[in-house]
Amino acid sequence: MEPKESWSCDLCGGRLFVFDWERKIRVWTPGQSSSMGVQRALWLNDGQNLFRDEDSFGGASWGVAGTAAHLIGCGAIPEIIIVGIDHTGRNRTYDYLSSPPTGWDAPWGDGMRGDMWDAPGGGVDAYLESVISLLPWAERRFGVSAKPEHRYFGGSSFGGICALYMAMKYPGLWDGVLVESPSFWAGEGRYLSDVKAHASPWPRRMYLAMGEFEYTGFRGTERPGSLECDAYLRDTAAECAGHLFFSGTALAFLLERGGKHNERDWGRRLPGALRWLLGAPTEGQDFWTRPAPLKPGPFELFVRRSWLKLAEKQRFQVHLGFNGWALQVQRCDLLAACVEEEPQAVLAALAPRRDELQRDPWARACLAVHSG
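These remarks concern the structure in this document. (Residues numbered from 1 in each chain as written. Predicted model: local features only at pLDDT ≥ 70, side-chain atom pairs only at ≥ 80, totals over all residues. Heavy atoms only, no water.)

## Observations regarding the environment of Leu50
With respect to the element layout, Leu50 can be found in the loop between β4 (40-45) and α1 (64-73). With 213 residues separating them along the chain, Leu50 and Glu263 place their C-alpha atoms 8.0 Å apart. With sequence-adjacent residues up to four places away left out, Leu50 is seen in contact with Leu44, Asn45, Ser61, Trp62, Gly63, Val64 and Gly84. (Helix = DSSP H or I, 4+ residues; strand = E, 2+ residues; numbered from the N terminus. Contact = heavy atoms within 4.5 Å.)

## A closer look at helix α4 (residues 135-142)
Along α4, the positions that sit buried rather than exposed are Leu135, Trp137, Ala138 and Phe142. Projection of α4 onto a plane perpendicular to its axis shows the buried side chains occupying an angular sector of 155 degrees, all on one side. Where α4 is buried, its residues contact β2 (14-20), β3 (25-29), β4, β5 (80-85), α3 (124-133) and β6 (151-156). Phi for Gly143, located one or two positions after α4, is positive at around 75 degrees. (Buried < 20%, exposed > 50% of the residue type's maximum accessible area, 1.4 Å probe, protein only. Arc of directions from axis to C-beta.)

## Here's the deal with the packing of aromatic side chains
Tallying each qualifying case throughout the model produces 11 aromatic pairs. Between Phe17 and Phe19 the ring centres are 6.5 Å apart and the planes differ by 25 degrees, which places this aromatic pair in the stacked class. Here Phe17 and Phe19 have matching classes, each one buried. For the pair Trp62 and Trp266, a centre-to-centre distance of 6.1 Å together with 50 degrees between the ring planes defines the contact as tilted. Here the residue Trp62 occupies a position in the loop between β4 and α1, and Trp266 occupies one in helix α9 (residues 263-278), the gap between them amounting to 204 residues. Grouped by ring-pair contacts, the aromatic residues Phe17, Phe19, Trp137 and Phe142 constitute a single cluster. Taking NZ or CZ as reference, Arg141 lies 5.4 Å from the ring centre of Phe17, over its face. (Phe/Tyr/Trp six-rings, centres within 6.5 Å; stacked < 30°, edge-to-face > 60°. Lys NZ or Arg CZ within 6 Å of the ring centre and 35° of its normal.)

## What to know about the nonpolar core
Counting residues in each nonpolar core, the largest one holds 56 residues, and the members touching the most others are Ile25, Trp43 and Met206. Of the residues forming this core, the biggest block, 9 residues, is contributed by helix α5 (residues 158-169). Sequence-distant contacts of Met206, that is, excluding residues within four places in its chain, are made with Leu164, Ala167, Val177, Val179, Leu244, Thr249, Ala250, Leu251, Ala252, Trp276 and Leu277. (Core = buried A, V, L, I, M, F, W, Y, C linked by side-chain atoms within 4.5 Å.)

## A short note on empty space enclosed by the protein
Empty space among the atoms becomes apparent when a probe as large as a water molecule is rolled across them. One pass over the structure, following the stated rule, counts 1 cavity of 30 Å³ or more. Taken as a whole, the largest cavity spans an internal volume of roughly 40 Å³. Lining the largest cavity are Gln39, Arg40, Ala41, Trp43, Leu135, Ala138, Glu139, Val144, Ser145, His150 and Arg151. Sorting the residues of the lining of the largest cavity by element identifies β4 and α4 as the ones contributing at least two each. Among the residues making up the lining of the largest cavity, the classes are represented as 5 nonpolar, 3 polar and 3 charged. (1 Å grid on protein atoms, 1.4 Å probe; cavity = no way out; pocket = protein on both sides within 12 Å on 5 of 7 lines; lining within 4 Å. Points joined across faces, edges and corners; volume = space filled by probe spheres on them. Nonpolar A, V, L, I, M, F, W, Y, C, P; charged D, E, K, R; others polar.)

Now the structure itself:
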């Protein structure tokens, strides 16, 4: 059964279409019509939370239409259609997770999410297949491209776990995947384990973000262990980012100071996510490594000269750290070099301490460039 149009309205200089299907489908187009000919489409879970505050959980939406319209209008991203797929209430966890979430049976306190003990799970494979079955419909109805390089997928919370599963199971169908505040507490840690067990491939680009106060910002600090819950979610997000970084996908990872677990915060971070996933590509890469993806041990970093805008006799130094700068920072001058891959590059030969990487195979690199 194909989605059947129910109603539509003007929204943020474009038009929002709502379709009835096995669940509601909401589609925002950047023009006043169906915008036939727009190539790209971003598919997002929890469609009722995306566009209008009156439809959203908690009374605040992501404001996706306004953000996309602004970025398109100023030329930061190309035109794109946003497809929101509604969740189905109590069965939301069934659709988004590979197993029941259960509560949070952690060493610092049982039942941190007691409302989840009997929530269902296990239907994510069927849900992903139903989403993929809609791709030909969107191509016919809105004229979006059938090329994977024009498709993007994403979600938040349980929907963020679902987005990670989509990236692992169908990496060739999506150019980029957006993952906001994934609920790594659920399933007694199995969801992060699943990510770490998946080496490659991944979609070409990934965006991952987590707030500083994911638990206490939503449920307060009264429960014993609530601050530890915040720390656990931050740490698991960083561990996930480390795995993605070393797996070769182009990754943007944000740990937002003060960030919480709600639609308002996800919407506030959306401009950066869209710029990363959809921004007009430059010719080649601004920096790259050899070997790529990175492996424990010494490696070389190449930086495009035009990106640094080197002046005559100006010296640049790269500072390289691991695990959020927690390990000893390495410093090295960027030296002019001519390499086969890019004649106009500068080179930094970096040799991080091998024992540090061997102790922590999930170490992730941090990079800063300073002029001098």
